[in-house]
Amino acid sequence: MGAAEGKNGPSENLTSAEQGKLWATYLGNTMSICILRYALQHMEDQQIKAIAQKALDLTGQFAQSIKDIFMREGYPIPQGFTDEDVNLGAPKLFSDEFYLFLLKYDGKIGLNLYGIAVSLCTRADVRAFFTQCWNSTAELLKQVEDCLNSRGLTIKPAGIPYPNQVMFVEKQSYLQGFLGKVRPLNALEIAHLHDNAENSLIGKAIAIGFSQVAQSDHARNYFVRVMKMDAKHYEIFSHILQKENIPAPPIIDQFVTTSNFSPFSDKLMIFHKLNLLTMRIRAYGNALSLCARHDLAAQYGRLLLEVGNCAEDGSNILIENGWLEQMPQAPEREALTTG
């Protein structure tokens, strides 16, 4: 493998972290290119269309930048997703407003991926690339949020009163959640319950749309299963919030049309759901790490297993159909030594 040219001559080869993050980013952005190209064919709302066009321009730039890095390295370009995975002439599957929610969810995935990449990558050009990706995605998310807010569609976490003074936890009962007097939810617990409820309702709406247009029974049944899981998780988070008189995010299923003509390949749709489920695993893990109440921690632990099992089953469908592109991996030393 060749090394990229730096300002002072050839620089070091890509590390495992850099290869993995660039590879994953390329696949994710080629997928987004297909989705956004299709979405723009049907958008009538000019404000939303301008945001979607900016998102498409960014994904194209990100994918091309990675391609350029790989070409300089003599590194094989991943297949990712192509024109074969999208039918631009398919009828409208989601309303214009729905793509704001989708861009918000995908933007959170991007910020997480790019932020971690910046901390893991050591080569200056790769680190600069992921910093640019993070900044551009954050700016796009601001535009998405502003547009949602202007239409009264913003899903804000509930407000709570300001404290009157600095306080310290005095009893271990602060950690309880099953027996005895249970304290109210704290600010971070509310924030993550709200975020995970929102992720669940967006995931549910996407699964509804994909289940309507899936071409194979295997894929359709998978999307129906994911839809039911998302609905269940949304109800759990909503119930916890509403039990303490805290409003939960509203359902957005009404933004899915009745079309049953597929705009995307089953491969792309299953991969997209796996992307969302992977983000959910990270979100649940993050929430679990910040829970001080035992009942919430136990709930997140159980739901994490459900999402993980669902993601594994989606991966198995991709593998069975020869659709799961393999990420770069360490050499099999034992195989090399045994011939």
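All chains use their own residue numbering, which begins from 1 and follows the written sequence. Where local features are concerned, this predicted model is filtered to residues with pLDDT of at least 70; where side-chain atom pairs are given and counted, the filter is 80 or more; whole-chain, interface and lining totals use all residues. Computation of side-chain values: all heavy atoms of the structure, hydrogens and water removed.

> Can you lay out the confidence of the model for the protein for me, pointing to particular residues and giving the numbers?
In regions of low pLDDT, the predicted coordinates are not meant to be interpreted in detail. Residues of the protein with pLDDT of at least 70 account for 93%, and the chain-wide mean is 91. A score between 0 and 100, pLDDT records how confident the predictor is in each residue. Secondary structure is summarised from DSSP: a helix means a run of H or I of at least four residues, a strand means a run of E of at least two, and numbering begins at the N terminus for each. Summarising per-element confidence for the protein, the mean pLDDT is lowest in strand E2 (residues 9-10) (40) and highest in helix H2 (residues 46-73) (97). Contacts are assigned to residue pairs that have any heavy atoms within 4.5 Å of one another. Predicted confidence is poor over residues 6-10, with pLDDT under 50, and the contacts of this stretch with residues over four places away or in other chains come to four contacts.

> Lay out the nonpolar core in plain terms, naming residues and giving numbers.
In plain words, nonpolar cores are sets of buried Ala, Val, Leu, Ile, Met, Phe, Trp, Tyr and Cys residues tied together by side-chain atoms within 4.5 Å. When accessible area is computed with a 1.4 Å probe and restricted to protein chains, residues below 20% of their type maximum are described as buried, those above 50% as exposed, and intermediate ones as partly exposed. Membership of the largest hydrophobic core comes to 100 residues, with the highest contact counts inside it found for Leu22 and Tyr222. Taken together, the elements giving at least two residues each to this core come down to helix H1 (16-42), H2, helix H3 (96-120), helix H4 (124-150), helix H5 (187-213), helix H6 (217-243), helix H7 (266-290) and helix H8 (294-320). Setting aside residues no more than four positions away along its own chain, leucine 22 makes contact with Leu14, Ile66, Ile69, Phe70, Val126, Phe129 and Phe130.

> Can you tell me about the packing of H1 against H4, naming the residues and giving the values?
It is at 11 Å that the axes of H1 and H4 come closest, and there the two elements cross at 35 degrees. For the element pair H1 and H4, the recorded crossing hand is left-handed. Contacts from Glu18, Lys21, Leu22 and Thr25 in H1 reach Val126, Phe129 and Phe130 in H4. By the convention adopted, Pro, Cys, Tyr, Trp, Phe, Met, Ile, Leu, Val and Ala count as nonpolar, Lys, Arg, Asp and Glu as charged, and the other residues, Gly among them, as polar. Of the residues belonging to the contact of H1 with H4, the class tally is four nonpolar, one polar and two charged. Lines are fitted to the C-alpha atoms to define the axes, a helix being fitted only along its stretch in contact, and any angle between axes, read from their N-to-C directions, falls within 0 to 180 degrees. Two helices that cross are described as forming a left-handed crossing if the nearer one is turned anticlockwise from the farther one by less than a right angle, and a right-handed crossing if clockwise.

> Hey, could you go over the side chain of arginine 183 for me, with residue numbers and the actual values?
Along the chain, arginine 183 turns up in the loop between H4 and H5. Residue class for arginine 183 comes out buried when judged on its relative accessible area of 11%.

> Describe the environment of methionine 269, with residues and values.
Among the structural elements, methionine 269 can be located in helix H7. Its relative accessible area of 0% is what places methionine 269 among the buried residues. Here the alpha-carbon distance between methionine 269 and asparagine 149, two residues 120 residues apart in the chain, equals 29 Å. Other than its neighbours up to four places away in sequence, methionine 269 contacts Phe210, Val213, Ala214, Phe223, Ser262 and Phe264.

> How would you sum up the packing of H1 against H2? Please name residues and give values.
Between two packed helices, both the angle of their axes relative to each other and the distance between the axes serve to describe the pair. Across the interface, H1 lies against H2 with an axial gap of 9 Å and an inter-helix angle of 145 degrees. As for the relative orientation of H1 and H2, their crossing is left-handed in sense. In the contact of H1 with H2, the residues fall into 14 nonpolar, seven polar and three charged.

> Give me the side chain of glutamate 189: which residues, what numbers.
Mapped onto the secondary structure, glutamate 189 falls in helix H5. With a relative accessible area of 3%, glutamate 189 lands in the buried category. We define a polar contact as two N or O atoms separated by no more than 3.5 Å, with the added condition that, inside protein, one atom must be a possible hydrogen donor and the other a possible acceptor, whereas residues neighbouring each other in sequence contribute only through side-chain atom pairs. At 3.1 Å, the side chain of glutamate 189 and the backbone nitrogen of alanine 292 are in polar contact. Beyond its immediate sequence surroundings of up to four residues, glutamate 189 is in contact with Arg183, Pro184, Cys291, Ala292, Arg293 and Leu296.

> How would you summarise the packing of aromatic side chains if you had to cite specific residues and measurements?
Classification of ring pairs rests on two measures: the distance between centres of Phe, Tyr or Trp rings, Trp counted by its six-membered ring, which must be within 6.5 Å, and the angle between planes, read as stacked under 30 degrees, edge-to-face over 60 and tilted in between. Applying the stated rule across the entire model yields 18 aromatic pairs. Measuring from centroid to centroid gives 4.5 Å for phenylalanine 94 and phenylalanine 98, while their planes differ by 20 degrees, and the two rings are stacked. Aromatic side chains phenylalanine 94 and tyrosine 99 sit 6.0 Å apart centroid to centroid with 90 degrees between the ring planes, which places their arrangement in the edge-to-face category. Phenylalanine 94 sits in the buried class, given a relative accessible area of 3%.

> Give a detailed account of the environment of tyrosine 234, specifying residues and quantitative values.
Tracing the backbone through its elements, the reader meets tyrosine 234 in helix H6. Residues in contact with tyrosine 234, not counting those within four places in the same chain, are Ala197, Ser200, Leu201, Pro249, Pro250 and Ile251.

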